Structure formats: structure tokens, C-alpha cells
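In case you want the letters, here they are:
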4 protein chains.
Amino acid sequence: MLVVMRNDATDEDIAAVVSAIEKIGHKAETIPGKNRSVVGIVGNDGSVDGAPFEGMEGVKEVVPITSPFKLVSREWNPTDTLVRVSDDVVFGGNAIQIIAGPCSVESEEQIMETARAVSAAGATVLRGGAYKPRSSPYSFQGLGVEGLKLLAQAREETGLKIISEAIDPESVDEVAEYADIIQIGSRNMHNFSLLKKAGRSRVPIMLKRGMASTITELLLSAEYLLAEGNNQVILCERGVRGFDSTTRNVFDLAAIPVIKRLSHLPVVADPSHGTGVRDLVRPMSRAAIAAGADGVMIEVHPNPSAALSDGAQSLYVSDLNSLVGEMKQVAAAIEREIAPQVVETGRT
Amino acid sequence: MLVVMRNDATDEDIAAVVSAIEKIGHKAETIPGKNRSVVGIVGNDGSVDGAPFEGMEGVKEVVPITSPFKLVSREWNPTDTLVRVSDDVVFGGNAIQIIAGPCSVESEEQIMETARAVSAAGATVLRGGAYKPRSSPYSFQGLGVEGLKLLAQAREETGLKIISEAIDPESVDEVAEYADIIQIGSRNMHNFSLLKKAGRSRVPIMLKRGMASTITELLLSAEYLLAEGNNQVILCERGVRGFDSTTRNVFDLAAIPVIKRLSHLPVVADPSHGTGVRDLVRPMSRAAIAAGADGVMIEVHPNPSAALSDGAQSLYVSDLNSLVGEMKQVAAAIEREIAPQVVETGRT
Amino acid sequence: MLVVMRNDATDEDIAAVVSAIEKIGHKAETIPGKNRSVVGIVGNDGSVDGAPFEGMEGVKEVVPITSPFKLVSREWNPTDTLVRVSDDVVFGGNAIQIIAGPCSVESEEQIMETARAVSAAGATVLRGGAYKPRSSPYSFQGLGVEGLKLLAQAREETGLKIISEAIDPESVDEVAEYADIIQIGSRNMHNFSLLKKAGRSRVPIMLKRGMASTITELLLSAEYLLAEGNNQVILCERGVRGFDSTTRNVFDLAAIPVIKRLSHLPVVADPSHGTGVRDLVRPMSRAAIAAGADGVMIEVHPNPSAALSDGAQSLYVSDLNSLVGEMKQVAAAIEREIAPQVVETGRT
Amino acid sequence: MLVVMRNDATDEDIAAVVSAIEKIGHKAETIPGKNRSVVGIVGNDGSVDGAPFEGMEGVKEVVPITSPFKLVSREWNPTDTLVRVSDDVVFGGNAIQIIAGPCSVESEEQIMETARAVSAAGATVLRGGAYKPRSSPYSFQGLGVEGLKLLAQAREETGLKIISEAIDPESVDEVAEYADIIQIGSRNMHNFSLLKKAGRSRVPIMLKRGMASTITELLLSAEYLLAEGNNQVILCERGVRGFDSTTRNVFDLAAIPVIKRLSHLPVVADPSHGTGVRDLVRPMSRAAIAAGADGVMIEVHPNPSAALSDGAQSLYVSDLNSLVGEMKQVAAAIEREIAPQVVETGRT
């Protein structure tokens, strides 16, 4: 950590910073400058909170040098973490997992029809929201536990693993009871009570990037999960807020290789939310794989015209087959593969 | 609501949209264009969810014409809502309330010293975080219920009303037991479980704008509170995420008059988080009042150099006196006034 | 175009809008609503400027329905435009062109060494800035015409086509004299005098997206070029400004398929500026091809440690070989190909 | 300047950075860290370009400590610069100047009527675009030199000073011939050829912040003007691009006190472009003054319903009178004043 002093800082100001560093047990080194001085902490371990220094007299800014996260960092664990949803469905290895399904579970017919179709197309995980965080209180809020039961029924029949979202500490146990992966959505990336509760479960978690979160903030939220003991964490890039309404979000694919450098955790891309436009899902799914994603999550609906949410970005089930074919080609081009279809049934 | 068709939409596509509108009980009117057609819903009441139309064949986009929020809108209630924290402390009338205090409650000495000082300077409400949502699990997370008790003690002595943040559904009851206003912070603006729980309490709520939320999204989150029966809601502009790291956020003061036009709820400005820089709090507090804020929330610490959080943006208690003097002048210039110091003690 | 009226608009306000539409020779149709009315222009051709309507009494907003651009649109010309730099180097067909070279031309040795290396690796076009737009007046501003001459010398020896930036109307003629493609950079996307001048040249142009420009604005700037008679225009996505300083820009790869749907012009991706980080150029070059780019522009320097600009994002020449190999695989996966190395010499 | 090394940087990498610093004549000091080292330049004067270091092996990032600008900085010149348009119209002193007028000069009648009205209301400078940079080639592009002559005619009659925009190096001389202040617009903040040309004129310049420019970039563009010898420079905050389309831009009023701390140049606010909404101009004009602006620029049109551009954000001339009254009150509240009406005629 470097404490950059203002150009009008006094010697007393500098001495006070040095003293504050020493008081918390670290060694300080001062670099005098013509215009301003800088005080560095020598040999620190990343756990120093810079906030208290920012308020000190004469301080211009505090520049963190060591990453603020620890357990999620590649420096802490240089080996890629494998998130084992089952023996066959593993995130973070050479095989790329395809997660597909509707935005929301709407009915038995809808979820069963979708599950059969995405399984046939090559997906290994079925997505479907049972609890839906919606901007408006008047929008469809999900079927709740009934939705989770329908997902479990789809798993029984198809062998697909299932992922569904927990939206508060209360729903974590319920989602953990039925789903194979607990999703924590963008709007909840900074819901620390939810993160702590999910971190204490032993079910794999997919943590989506907040809609205006930096990569550092995403990794810090993942740190909450690992700090509670759950290291089976998949990160997800799903687009960030931008100024151009042509697409729903700016799909920040460069975040994928950035995260892979900073962290050992697997990363999945969500081109459906990342773009919000059905016709863009195909090219951006291919691009996500080329960028290094360990999985792709795609919204698919048997009848997008009648979807209760996200119809504009949902693929027809018939589209998924040809898209998976293209994704296999791109995966092969970078010496990876799309994970083979799961055949066993039931939950591990 | 207008459904804009793509230029390659077929007559069947248009007929399907018309039929879907009629199926939900509304009347559709089609405007044929040279390049593309538009289908409008005639005489709707704002409750139509545009999402299902977005996924229909041939649809380019859905343009909402009526606001998606209702109870919070000025069209619903043209009269300014008064949020009565007590007989003396009312948000939304001619008097502008000053909320001041530390980011976090850290100790009895710190909060009592600050409370006396901000009361003497003219604040009517004492702020102080007991539960702190922090990006890093390794940062100070607040004193919890002990912090709430210290705030209540400060209220006893000074007569200041108190505001503190609830960070999950669980903490709502606890904060409601001690505080006069429950704060819902930026990171939780989309925490709908928390919103629903707070909406069922009968304590006034201050809802802060999310760090990348549109004004419409802020009003929709407030709609959750009113829909649950709590209309004692104060909104707060606290800056949004931007691309220039010179300030911590972009302090979007124009949001204040925008919200006042769209909604009947009072609006407070938070220049401390809005800028993140101590020296900017003074001019931006004045500007917030000139822009029409019903209150200003300012971080003050007896010793910013030793603050456990947000020291860089905290005023010295000695600064507050002269700042309040300036705010009084600006309030008078627009024919408003800074609310007088509270003199009675205890909670209403 | 739809003119959405405020809910308090009077019948006179609506009549005035109808009258204004009729005055400019169009037919107006009014859709009455319960809360607000909408006036549409029936059968217009996209050339109606909505601006004058925005200032009328009672108008809430003007919603453009037809695209504001014309000559660049796919509706105007459904066939992909081929930009023919030479018989061998064509942008917009099945072959993907690789443009490589240093940010700035610095010396004969540097540009010749780079040209030989990138030619050997498989690039078909050599990039190199002679006029450099720099944020600071104290940064290196380029070699000017000397730089252009060095580029031409590199073309003589290697057969590579060359691209270099014109930064004002004056430099257009000079760049056009030496280069095969005139680049208009991000900072000049809204420099309309430069656009008009370049549009009157007969040399192909690469127009880069402004650092905070919408796709519509990019296409409107291209419209200036086509409106002046030059339809040999290549567009370039190079990242837009974002809130996360981890990468230099947010590389908006979804812009590529968006542009391909809206326009017939070819699109190139610039992962070097798009990310600003050397290690990200490889995965994002692959991703750009998977997303549908017609070319990739990559900064390469024989000695990035000594580059006068953009060293952090420049590849070593040795890196380019293996990257081109990977790009060939990805191109093949989507049934395209990397354009073969040029063998003839001299300018066409 | 601090060069932060990656945690896997070798001793050779560090030695190479030290050597590169010494090679350009500076002294390097290394702070060893447990995880990574930092190399600082001791006693530099701000003129070191960090770019070449960013490309060196083992370098994580380069942190500038000294500001990259010099002549515009308050460290260089601690005294507020006064920009003297005439003896009576001075920007940067205690008096706040009001600039008002239409977006574009459209006709003799329009500009004369507006000039008389804004003069009567208390403005000291008349704005009006003769050359208009427009996103679309099909939008009204201004009257050119005829517009400048009409502005000069308005000055003759009213005594108002006039400001108009130069959009390329060619138009600088023409604008300089007629106008009292040359405006450089947002879209041209990075048009360095234009900046250099304007910097060589001796007419005061108003430089508007680019639509997605940082404050540092704005000051660097101003540095181009001062470096060419023109220190009569007024800066202008006019809103930056944001994600919420409720307002045209995010009006970043905190930029005003930030700039006043960093630079000695006067700063003007443009609430018309900053918000894009007529009803917001009033509260945000007051707020701009409270935030410390040295002037306010307001779009006024005799008949906004018929304006060829920016009608939605233009005030009626009748509105300006009462707004000036309010601005006087706010100015008095912070011990400043609105500059008195000019009475003499003709150009100084």
C-alpha cells in the first residue's frame, strides 16, 4: 500500500502517516519527491485496510498495491479450482459446460419441454428461476418452491443438473435442498448476508457480476463465500451497464481472461443477459468460448413469444442445436471441448 | 405502450401482437408506416407488462409510454408527501433537515462527542452505521446491536432523531426497534426481500439510489415499500458510478428536481458519498439545497484521521458549524429554511 | 417518428404537433390514451428531424422509429460492401484481414523490422501512426510526413498495405498520398470537417468508434463519409469508456454483430486498444473472430519495453506467429479464413 | 511517478526499470515488498511520460503521482486567472457572468429578438452557433459566416459580448474575427489541431468538457491552449455521458469545485446541455452557482417550439428574467454577485 501525500503536506503529516503504519505493526518507507512524498508499507500481506489512512491530514490518495482479496486469488492458489457438480459435470477443467433453460419456471409443461430439448441439444445443466428478483413489484415474481420441485422433476427425467437462484438468506436452504448449483444474481452480488449464508452451504454456487461492479468487487464478493468455507464457486460475466441502449448491457468478455489471471475459480459467460437480444446470442456464445469461458449460460424458451420474462433474449429450442454445433467447432479450435451430454439420472 | 415492429415484420406478426393485446383485455391501434408499423395500446392504465411482447416475432422494441410505477408517482398523488419522523422533524415541507454523523458507530466516546457537536451545529438527525455492508469480508463490519444502543443513548442526551442502516430482512426489526429512520443502502436498493420487510414496518425509511440505478429503478424500488403499506419514504441521491476516478462517484444533483417532478416523495442528498472528498462536501451541500433537496446527509467524525471507514470524506465537527451557516443562506435565497435545532429529548 | 405527449398536454398542444407534422408535408395520426396521447408520422422516410418537435408545448419525448442513418444502413443496401484495398486485400468478404504494427512509427529500423515480422506472421496490412493525437501536449506527437515515408518504404519491401491516421482536414491529403487506408481515430469520430474531407477522397477509410459513442453515432459519422461519395468505409470497434480501470476500455464485441445487422459495411476489431493489456490481446483476438469481425488490428512492437506509446498493450513480434495460428483455427470453426499473405509488392 | 512491479517480476526486471529511469536523468528508489516491489522516481518535475515504462517486463502498472498538466495547474499559478472579455465582462473574479442565447443562429429576427431579451434580463454575453457540429449529416448545420455577422449586429445594438463555436482550424480565424469568445465544443475537446490553432489566437476561449472526458483530460486539452500562448481560457462543465436516459447527460457539478482546486482557470456551467430538459435548467442554474461556477450558459429561444435544434432544453425568453432573479439571490448567499448588465456598445 502506498500513501501518496498532497504537495502541501507538512513534515508532521508525513510523520503521522509513518507512525500510523508502525502502530498497526508494519514498517514504513518514505520516498521524498520534489512535489510530493509517498509513504509505502514494506512487506505487508495485503490485509491492511487503506480506509483509515484516507482521512489523515495531508493525504492525497491511498494506492493499493497488493490485491484486497486473498483466498480467491491465483497467488493464493495457483491451480485451477474444479467445481464438481457431479462426477460428469465439472466446471474449470478442459470441458466447457452448457447451461440452458428458461428465465423463469412457468409451468410443468414449459419446463419439461425445455428440459428435454436442451438435454437433447447437449446442455448439461438446466437453468430456471423459481424466485425472481424483479425491478417492479407488479412483474411476475416466480413460482417459488413449486418451481424448484418442477426443476427437480425435470432432473429426474433428463439427468440434467439444475441451477436456480436464491434471493435472500431464507431461500438459500430451500434452493440448496433442490438445486445442484445455487445462483446468486447480479442484483445480489453485494447482498452480504446472502453471501455469508450461501458460503456456509456445501452446494456449489454461481456468483454473477453486479451490473456495475468492477472485477475486483466481484472477486471480493466471492471472497465472502470462500471465507465461509465454500470454495465450490463459479463466477459469471453477464454484462455491465453502459450508455448505449442498443444492447441491454455491455457484454464485457475481456473480464473472462482477466478473471482467469487473477483467480483460480472457473468463469461462465451469460450472453443472453449480456446482450438482451436473441440474434446476438449465437455470435457472442461463440466469442465467449474463444475468450476462454468454462461454460456458457443461455436462455431458451419453448415459446419466447409467450415467455413471462426475458422473451426478447430467449432462443427457440430449435436454435440451440445448431448453436451447440458451432460452439463445439470453436471449442475444438482452442483445444477444448463441449462437455458430453449427461446420461445418468437423479441428483448426485 | 407502443410495440414497434421491425421493418421486415409480416402482417401475421402484426396481427399476433394485436391479438395478444386484446387477449389481456386492451384495445390495440395500428399505425402503418412506410418502413415499419407501430401497434399502440389505447387507454391502458400503466399496469401492462411489456416483457411478454418483446419476445414476439417481428417486434423491434417495446416503448413504455406510461410510467411503470404507480403509488410513488405524482400522477397518483399530486401533493408532496410529508415524512413525519416527529412533530419537529418532517421531511418534504419547507424546512430542510440536516442529517449528520459518522459513517460507522465506533465507540461510545466517538458517537456521543459527534452527537453533541452536530446537534450544536444544527443537525436534527444523527446518522451512524451499526451494520455495515462492506465490499471486503476483511473490512470493519460494524458494532451491530451495540451500535444501535449507543445511537439511542445519543438520542436520549441530545434529542437528535437517529437513522441507521438495515442490511437484511433480519436486521429490519432490530433497527426499527432503536432507530427513527431505517436506511436502505445503495448496495441493497435491489434487495427485494429487504424492501418487502421494511415496507411492512411502520418506521420511516430512507432509500438510497443504487450505484448504477436509473431514477426509474429507484422509484420502482420505492414502489415495493409503498405497495407493502409504508408511504413514509425518503429517497436519497448519493452519486452514481462514473468513469472518472477523481471523485468517488458522479453526484447526480439533477436527479433531485427530476424525482420531484415524477414523485411526491421527499428527496435528500448525500454529498459525502456523492463526492468522496472532504473539500467537496461544502460546495456540493450548498448546491444540493439550491437544486431543491429536502435534506442533506453529511458524514462528520470527531477525528477523521482515525475513522475506521470513510475518513477521507468525513468533515471535522468544527467544519459543520460554518457549513450550516452557508446552507442557511442558500436556503433563504430560494425561500426555504434549514429546520431549527430539536430541543425536546427522547424518541416520539 | 412518434411524438409522445405529456399527460397534462392540452388538445391545443396535440393539434399544434399535428399541424407541425403536416406543415413539413407528412401525415399525422393520433393515438389517444387514457393517460397520454401519442402522435405518429405515417409513411415518413426517415429524414424527419425530431429535434424541432422536442421543444413544443406538451411534448414528453420524441421516439425515432426509423433509423436516422440511410446510406450506411442494410435497409438501403442489403448486400455486404466489399472494401477493396487491392485485388488481394479485401475487407468484408469471407477472408479476415490481419492488420498489425506499432502504435507509432518511431524509426526506420523499428518499422522495417516490424513490417518484415508481421508480414511473415501473416498480416496483410501494416499499421503505424505518423500523426498522433495525444491527450498531453508533452507526449510524443509522431514523426509526421517522415513517418508516412517510412511506411511507404516498408510497403515497397514487404508488399504489405499500409494504414495511418489523419488527424485534421490538412493531413488527409498527405495521408491519402502515402497510405492505402486512411484511419480516422476515436478522438476524431465527431470531427465533422475531417469526415467531410476524408469522404471526398477516394482512398478507403477506417473509422474507429468514439470512446463513448453509441453505435448509432458511429453509423451517423460513417454516413458523413458516404454522403460525400466515399463508400469504401471500414468500421472499427476499439472499446468504450467504462467504470473499471482493470482494462483500459470495455471491449464491446457485441457491437460487431449489431453493426453487421444494421449496416452493410465491414467491421474490424482492435483488441489492443479494446483492452490495453498485452496478455488479453490473444484471447480477445480469437473472440473477435468468433463474434464475426472482418479483420483484427493488433499492436506489435519489436521491443515493447522501449515503445514511445502503448507499450503495455503491444505484442512482441514473436507472439504474433502463434496468435495467427490460433486465429486461423477459430476462423475455420466458423467457416471463414484468415486472408493469405500478400506477395506482390508496391501500392495498387 | 511510481512503477508498480508484478508479484512475479524478477530482480532483472526491477533493475531494468531502475536503469530506464536513470537513463532519462532521474533518480530511482526501490521499495521492496513482500508480494511486489515498487520503483519510484525521486524528485521529478511532472514531465516524465509514464507510457514507455508500461510496456516493460514485469511492470504491473504505472501510477502518476504528479499531475500530467503544468501551465493550467494551481501549483504552477496559485492566483485565479481573470479572463477579460472586456473591461466590464471578466470571468474568474467575484462577479458571475450569464451567457444566454439560442443553440443556433437561425435568422436576423430570431437572434435580434433574443439578444434584446437576454440583455434586458441581465445576461452579459450572447451565445449562438454559426457552425454547428451535428451527429447527422442531415441535420441543420448552421448559417456559417452569415450567422457570425448576425451575432455582430446583435452586439452592435445591445452591447452584449458574443461567443460562437469554431469547429475546425479553418473556422478559428473567422470566428475570431467576429466573436469575443471562441467556443470549442465537447465533440472537439480532443481535436488537437483545432486546439493548437485556437491557442495561437489572442481571443479568449471557452473549452467545453468532452462528453466522456475525465477532468484530467479536460485540463490537458486546456494545456494545449496555454502551451501555445493563450492563457485566456474558460473551462465549461456541460454534462457527461451516463446510463440513465432520463436526462440527456449527467451534469457533473462537482467538477466545478474539483477544477477550481486543480487549476487557476475560471469555470462555467451549462445546465441546458447538462440536463437537456427545460424544467431542469432553473434548479440546476441555481445549483451551479452554489457549487462555485464563475458563469452560467443558458439556451434561450424566442420560440422553442420552432427551434431548429435543442428546443427541448431552451428556455422561453420570458423565463430568463425570473431565473436571473433567483440566481442573484443564490450568488448573494455565497457572497458573490451576478455581473451587472453591460451598457456600452461595440466590441472592445
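Residues numbered from 1 in each chain as written. Chains lettered and ligands numbered in written order. Predicted model: local features only at pLDDT ≥ 70, side-chain atom pairs only at ≥ 80, totals over all residues. Heavy atoms only, no water.

1. Some points on the overall build of chain A
Working step 1: If you tally the helices and strands in chain A, you get eleven helices and 16 strands.
Working step 2: Projected onto the principal axes, the alpha-carbon positions of chain A cover approximately 75 × 45 × 40 Å.
Working step 3: Counting over 348 residues, chain A shows a buried share of 68%.
Working step 4: Across chain A, every contact between residues at least 6 apart in sequence was considered, and the portion connecting residues at least 24 apart equals 68%.
Working step 5: Carbon and sulfur atoms provide 48% of the accessible area of chain A, an area that totals close to 11000 Å².
Working step 6: The average position of the 34 basic charges and that of the 45 acidic charges among the side chains of chain A differ by 1 Å. (Helix = DSSP H or I, 4+ residues; strand = E, 2+ residues; numbered from the N terminus. Buried < 20%, exposed > 50% of the residue type's maximum accessible area, 1.4 Å probe, protein only. Contact = heavy atoms within 4.5 Å. Areas by Shrake-Rupley, 256 points an atom, 1.4 Å probe, with all protein chains shown as cover. Lys, Arg positive; Asp, Glu negative; His and termini not counted. Charge placed at Lys NZ, Arg CZ, Asp CG, Glu CD.)

2. Some words on the relation of the copies chain B and chain D
Working step 1: Mapping chain B onto chain D calls for a rotation angle of 180° and an axial translation of 0.0 Å; the resulting RMSD is 0.0 Å. One copy is carried onto the other by what is essentially a two-fold rotation axis. Closest to the rotation axis within chain B is the C-alpha of A287 of chain B, separated from it by 2.1 Å.
Working step 2: Of all interface residues in chain B, 100% are interface residues in chain D too; the two copies therefore contact each other through one and the same surface. (Least-squares fit on C-alpha atoms with pLDDT ≥ 70 in both.)

3. Comments concerning the domain arrangement of chain A
Working step 1: Taken domain by domain, chain A comprises domain 1 (2-63) and domain 2 (83-338).
Working step 2: The straight-line distance from the C-alpha centre of domain 1 of chain A to that of domain 2 of chain A is 43 Å. (Domains from an automatic or database assignment.)

4. Some remarks on the confidence of the model for chain A
Working step 1: Overall, the predicted model of chain A reaches an average pLDDT of 91, with 96% of residues at or above 70.
Working step 2: Reported confidences for the modelled complex are a pTM of 0.93 and an ipTM of 0.91. (pLDDT = per-residue confidence, 0-100.)

5. Section: the interface of chain A and chain B
Working step 1: Of the residues lining the interface, 50 residues belong to chain A; the matching set on chain B comes to 50 residues.
Working step 2: Where chain A abuts chain B, roughly 3800 Å² becomes buried across the two surfaces, and 47% of that area is made up of carbon and sulfur atoms.
Working step 3: Counting the contacts that link chain A with chain B gives six salt bridges.
Working step 4: As a salt-bridge pair, E217 of chain A and R241 of chain B come within 2.8 Å of each other at their nearest N and O atoms.
Working step 5: Summed over the shared surface of chain A and chain B, the number is 20 residue pairs in polar contact (both at pLDDT 80 or more).
Working step 6: Looking at the side of chain A that touches chain B, the elements with two or more residues in it are α2 (51-54), α5 (169-178), α6 (192-200), α7 (215-227) and α10 (278-291) of chain A.
Working step 7: Counting residues per element, the side of chain A that touches chain B draws most heavily on α7 of chain A, at five residues. (Buried area = accessible area lost by both parts, 1.4 Å probe. Salt bridge = Lys/Arg side-chain N within 4 Å of Asp/Glu carboxyl O. Polar contact = N/O pair within 3.5 Å; in protein donor to acceptor, adjacent residues only side chain to side chain.)

6. Focus on the interface of chain B and chain D
Working step 1: Tallying the contact residues gives 34 residues for chain B and 34 residues for chain D.
Working step 2: Together, the buried faces of chain B and chain D total about 2700 Å²; carbon and sulfur atoms form 72% of this surface.
Working step 3: Counting the surface chain B buries against chain D, the share from its top three residues, F243, R261 and A333 of chain B, is 19%.
Working step 4: Remark: the boundary between chain B and chain D carries four salt bridges.
Working step 5: Linking R209 of chain B and D244 of chain D is a salt bridge whose minimum nitrogen-to-oxygen distance equals 3.6 Å.
Working step 6: Applying the counting rule to chain B against chain D returns four residue pairs in polar contact (both at pLDDT 80 or more).
Working step 7: Elements with a contribution of two residues or more to the side of chain B that touches chain D: α8 (255-262), α10 (278-291) and α11 (317-333) of chain B.
Working step 8: If you tally residues by element for the side of chain B that touches chain D, the top one is α10 of chain B, at eight residues.

7. Some words on helix α4 (residues 145-158) of chain D
All names here are of chain D.
Working step 1: Look at α4: 20 Å from first C-alpha to last across 14 residues, which is about the 20 Å you get at 1.5 Å a residue.
Working step 2: Along α4, the positions that sit buried rather than exposed are G147, L148, L150, L151, A152, A154, R155 and T158.
Working step 3: Buried residues along α4 sit in contact with α3 (108-121), β8 (125-127), β9 (161-165) and α5 (169-178).
Working step 4: Remark: G159 follows α4 within two positions and exhibits a positive phi of approximately 80°. (Expected span 1.5 Å × (residues − 1).)

8. Quick word on the relation of the copies chain A and chain B
Working step 1: Under the fitted operation, chain A is carried onto chain B by 0.0 Å of movement along the axis and a turn of 180°, and the coordinates agree to an RMSD of 0.1 Å.
Working step 2: Looking at the interface residues of chain A, 100% of them are also at the interface in chain B, so both copies use one shared face.

9. Re the sheet that holds strand β4 (residues 59-63) of chain B
Residues and elements named next belong to chain B.
Working step 1: Pairing in this open sheet of four strands is antiparallel, and the strands run β2-β3-β1-β4 from one edge to the other. Edge positions in the sheet fall to β2 (27-31) and β4, since each of these pairs with one other strand and no more. Across the sheet, the mean angle from the axis of one strand to that of its neighbour is 20°, orientation sign disregarded.
Working step 2: Bridge analysis of strand β1 (residues 2-5) against β4 gives four bridges, and the strand direction is antiparallel. (Pairing = 2+ DSSP bridges. Axes fitted to C-alpha atoms, helices over the stretch in contact; angles between N-to-C directions.)

10. Some thoughts on the packing of α10 of chain B against α11 of chain B
Residue and element names in this part refer to chain B.
Working step 1: Packing of α10 against α11 brings their axes to within 9 Å, and their N-to-C directions diverge by 25°. Compared by their axis directions, α10 and α11 come out roughly parallel. The way α10 lies across α11 gives a crossing that is right-handed. Packed against α10, whose contacting residues are V281, R282, S285, R286, I289 and A290, the element α11 presents D319, S322, L323, E326, M327, V330 and A331 at the interface.
Working step 2: Looking at the contact of α10 with α11 residue by residue, the classes come out as seven nonpolar, two polar and four charged. (Parallel < 35°, antiparallel > 145°, perpendicular 65-115°, else oblique. Left-handed = near helix turned anticlockwise from the far one by under 90°. Nonpolar A, V, L, I, M, F, W, Y, C, P; charged D, E, K, R; others polar.)

11. Comments concerning the pattern of salt bridges
Working step 1: Here the structure, examined in full by the defined rule, presents 88 salt bridges over all chains.
Working step 2: When the shortest N-O distance is used, the salt bridge between D80 of chain A and R74 of chain A registers 2.6 Å.
Working step 3: Residue R261 of chain A pairs with D279 of chain C through a salt bridge whose shortest N-O separation is 3.6 Å. A residue pair is termed interchain when its members come from two chains, as with R261 of chain A in helix α8 (residues 255-262) and D279 of chain C in helix α10 (residues 278-291).
Working step 4: For D279 of chain C, a relative accessible area of 39% gives the class partly exposed.

12. Examining unusual backbone geometry
Working step 1: Although it is not a glycine, E335 of chain B adopts a positive phi angle of roughly 60°.
Working step 2: As for its position among the elements, E335 of chain B is in the loop between α11 and β16 (337-338).
Working step 3: Residue classification places E335 of chain B among the exposed residues on the basis of a relative accessible area of 69%.
Working step 4: Of note in the backbone geometry, D310 of chain C takes a positive phi value of approximately 60° without being a glycine.
Working step 5: Tracing the backbone shows D310 of chain C in the loop between β14 (295-301) and β15 (315-316).
Working step 6: The exposure class of D310 of chain C is buried, given its relative accessible area of 13%.

13. Here's the deal with the sheet that holds strand β4 (residues 59-63) of chain D
Residues and elements named next belong to chain D.
Working step 1: Across the sheet, four strands lie side by side as β2-β3-β1-β4; this open sheet has antiparallel pairing. Bordering the open sheet on either side are β2 (27-31) and β4, each of which pairs with just one other strand. On average, each strand axis in the sheet is tilted by 20° relative to the strand beside it, whichever way the strands run.
Working step 2: Where β2 and strand β3 (residues 38-42) come together, five bridges link them in antiparallel fashion. The residue bridging I31 from the neighbouring strand is V38, located in β3.

14. Some remarks on the packing of helix α7 (residues 215-227) of chain D against helix α8 (residues 255-262) of chain D
Residue and element names in this part refer to chain D.
Working step 1: Contact geometry for α7 and α8: axes closest at 11 Å, N-to-C directions at 50°. By the angle between their directions, the pair α7 and α8 is classed as oblique. Crossing handedness for the pair α7 and α8: right-handed. Facing α7, whose interface residues are I215, L218 and L219, α8 presents A255, V258, I259 and L262.
Working step 2: For the contact of α7 with α8, the residue count by class is seven nonpolar, no polar and no charged.

15. Some words on the side chain of T158 of chain B
Residues and elements named next belong to chain B.
Working step 1: In this fold, T158 is placed in helix α4 (residues 145-158).
Working step 2: Looking at T158, its side chain comes within polar contact range of the main-chain nitrogen of L160, at 3.1 Å.
Working step 3: Those residues in contact with T158 that sit more than four places away from it in its chain are A115, R116, S119 and V342.

16. Some details on the packing of aromatic side chains
All names here are of chain D.
Working step 1: Under the definition given, this model contains four aromatic pairs over all chains.
Working step 2: An angle of 25° between the planes, with centres 4.7 Å apart, marks the rings of F192 and Y224 as stacked. A residue pair is termed long-range when its members are at least 10 positions apart, and F192 in helix α6 (residues 192-200) and Y224 in helix α7 qualify at 32 residues. (Phe/Tyr/Trp six-rings, centres within 6.5 Å; stacked < 30°, edge-to-face > 60°.)

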